[in-house]
Amino acid sequence: DGGITQSPKYLFRKEGQNVTLSCEQNLNHDAMYWYRQDPGQGLRLIYYSQIVNDFQKGDIAEGYSVSREKKESFPLTVTSAQKNPTAFYLCASSIRGYTGELFFGEGSRLTVL
Amino acid sequence: DAKTTQPTSMDCAEGRAANLPCNHSTISGNEYVYWYRQIHSQGPQYIIHGLKNNETNEMASLIITEDRKSSTLILPHATLRDTAVYYCIGYNAGGTSYGKLTFGQGTILTVHP
């Protein structure tokens, strides 16, 4: 079945460590996105990529980094510069960057101790 | 993109229609109205979208007023599995928000037995 796979589902890290969240899609979608969700809040866009080898900052990119070396993969690194990294992270993809119909993964919950 | 306003929460009896309102009085002529839902601790799921005309798919119906300042998402026969947070989003693919969806706090719909 086609879809988006995020891993790990749960992740615990010590303060000051970088962590990388994986996102893989087999939908042959051009565009991919990373969102962050805090408890009781809506989603906020971290980074997005409309095509391989290209990505743009979203609304809250500080303390995060991404790469898009392959069409199907869009990993997110939460760096030690991110002041409040504990959150629920959601990856999504869309067939093209201009559509509002996004397909989301199941999310990765990061807890920094 | 247009700012949308939704009630914080709503209740519905199982088997009855759930009507979720959304105000988007500042929506521009080429902005679409998108609806997503998010079941607890899962990724959001696309439901439906529309521009001017009413739309229907296997999940729901979308009624947009003639002046496009508000819309209603209708789940015709709500089930317990429809309990979720529902997001109404204004999106203009050709504008400055290209590739970015803004998720607010949405409406918490609770379906009761």
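Above this text sits the structure in question.
In this convention, every chain numbers its residues from 1, walking through the sequence in written order. Chains carry letters from A onward and ligands carry numbers from 1 onward, assigned in written order. Side-chain atom pairs in this predicted model are given and counted only at pLDDT of 80 or more, local residue features only at pLDDT of at least 70, and totals for whole chains, interfaces and linings cover all residues. Processing note: side-chain calculations cover all non-hydrogen atoms of the structure and skip hydrogens and water entirely.

### Section: the overall build of chain B
Next, step 1: Helix and strand definitions follow DSSP, with helices as H or I runs of at least four residues and strands as E runs of at least two, each counted in order from the N terminus. When helices and strands are tallied, chain B shows zero helices and nine strands.
Next, step 2: Reading the secondary structure of chain B in the N-to-C direction produces β-β-β-β-β-β-β-β-β.
Next, step 3: Taking 13 Å as the expected radius of gyration for a compact globule of 113 residues, we find that chain B reaches 13 Å, a close match to that expectation.
Next, step 4: Dimensions of chain B, computed from the C-alpha atoms along their principal axes, are close to 45 × 30 × 25 Å.
Next, step 5: For every residue, the accessible area (1.4 Å probe, protein chains only) is compared with the maximum for its type, and the residue is labelled buried under 20%, exposed over 50%, or partly exposed between those bounds. Counting all 113 residues of chain B, 44% fall into the buried class.
Next, step 6: Each accessible area value is a Shrake-Rupley result obtained with a 1.4 Å probe; residue values ignore everything except the protein chains displayed when judging cover. A total accessible area of about 5,700 Å² is found for chain B, and carbon and sulfur atoms account for 50% of it.
Next, step 7: Charge centroids of chain B, computed over 8 positive and 9 negative side chains, lie 4 Å from each other. For the radius of gyration, the atoms used are the C-alpha atoms, and the globule rule reads 2.2 Å times the number of residues raised to 0.38. Charge convention: Lys and Arg are scored as positive, Asp and Glu as negative, and His as well as the terminal groups of each chain are ignored. The location of each charge is read from NZ of Lys, CZ of Arg, CG of Asp or CD of Glu.

### A short note on the overall build of chain A
Next, step 1: From N to C terminus, chain A includes zero helices and eleven strands.
Next, step 2: Taken from N to C terminus, the helices and strands of chain A fall in the order β-β-β-β-β-β-β-β-β-β-β.
Next, step 3: Its C-alpha atoms give chain A a radius of gyration of 13 Å, near enough to 13 Å, the size a compact globule of 113 residues would have.
Next, step 4: Overall, the C-alpha framework of chain A stretches about 35 × 25 × 25 Å when taken along its three principal axes.

### Comments concerning the interface of chain B and chain A
Next, step 1: Any two residues having at least one pair of non-hydrogen atoms within 4.5 Å are treated as being in contact. Tallying the contact residues gives 18 residues for chain B and 23 residues for chain A.
Next, step 2: Accessible area that two parts lose when put together, with a 1.4 Å probe and added across both, is what the buried area reports. Counting the surface lost from both chain B and chain A, the interface buries some 1,700 Å², and carbon and sulfur atoms represent 50% of this.
Next, step 3: Here a salt bridge means any side-chain nitrogen of Lys or Arg lying within 4 Å of a carboxyl oxygen belonging to Asp or Glu. Taken together, chain B and chain A are joined by zero salt bridges.
Next, step 4: Residues adjacent in sequence count toward polar contacts only when both atoms are side-chain atoms; beyond that, a polar contact is any pair of N or O atoms within 3.5 Å, and within protein one must be able to donate a hydrogen and the other to accept it. Summed over the shared surface of chain B and chain A, the number is seven residue pairs in polar contact (both at pLDDT 80 or more).
Next, step 5: Within the residue set of the side of chain B that touches chain A, elements represented by two or more residues are β3 (32-38) and β8 (84-91) of chain B.
Next, step 6: For the side of chain B that touches chain A, the element with the most residues is β3 of chain B, which contributes three residues.
Next, step 7: For this classification, Asp, Glu, Lys and Arg are treated as charged, while Ala, Val, Leu, Ile, Met, Phe, Trp, Tyr, Cys and Pro are nonpolar and the rest, including Gly, are polar. Of the residues that constitute the side of chain B that touches chain A, the class distribution is ten nonpolar, seven polar and one charged.

### Considerations on the state of the cysteines
Next, step 1: For this text, the term disulfide refers to a pair of cysteine sulfurs within 2.5 Å. This model, assessed by the stated rule, comprises two disulfides over all chains.
Next, step 2: Shown here is the disulfide that connects C23 of chain A with C91 of chain A, its sulfur atoms set 1.9 Å apart. Taking the torsion about the S-S bond as the criterion, the C23 of chain A to C91 of chain A disulfide, at about -75°, is left-handed. Placement of the pair is C23 of chain A in strand β3 (residues 19-25) and C91 of chain A in strand β9 (residues 87-94), with a sequence separation of 68 residues. For the pair shown, C23 of chain A and C91 of chain A are each scored as buried.
Next, step 3: Disulfide pairing places C22 of chain B opposite C88 of chain B at an S-S distance of 2.1 Å. With the S-S dihedral at roughly -80°, the linkage between C22 of chain B and C88 of chain B falls on the left-handed side. Placement of C22 of chain B in strand β2 (residues 18-23) and of C88 of chain B in strand β8 is noted, with a sequence separation of 66 residues between them. There is no split in this pair, since C22 of chain B and C88 of chain B are both buried.
Next, step 4: A disulfide-free cysteine, C12 of chain B has its sulfur positioned 18 Å from the sulfur of C22 of chain B, the nearest such atom.

### Considering the sheet that holds β3 of chain A
All names here are of chain A.
Next, step 1: Read across the sheet, four strands follow the order β1-β3-β8-β7 without closing on themselves; strand pairing throughout is antiparallel. At either end of the open sheet lies a strand with only one pairing partner, and these are β1 (4-7) and β7 (64-66). Going from strand to strand, the sheet's axes swing by 20° on average, the running direction of each strand aside.
Next, step 2: Paired strands are those between which DSSP finds at least two bridges. Pairing geometry for β7 and strand β8 (residues 76-78), over three bridges, is antiparallel. The residue of β8 that forms the bridge with V66 is L76. The axes used here are C-alpha line fits, helices contributing only the stretch in contact, and every angle between their N-to-C directions lies in the interval 0 to 180 degrees.

### Some words on the environment of N23 of chain B
Next, step 1: Mapped onto the elements of the fold, N23 of chain B is located in strand β2.
Next, step 2: In sequence terms N23 of chain B and G90 of chain B are 67 residues apart; their C-alpha atoms lie 10 Å from each other.

### Overview of the environment of I89 of chain B
Residues and elements named next belong to chain B.
Next, step 1: With respect to the helices and strands, I89 occurs in strand β8.
Next, step 2: A C-alpha to C-alpha distance of 12 Å links I89 and T26, two positions 63 residues apart in sequence.
Next, step 3: Ignoring sequence-local partners within four residues, the contact set of I89 consists of T4, Y32, V33, Y34, Y36, L101, T102 and F103.

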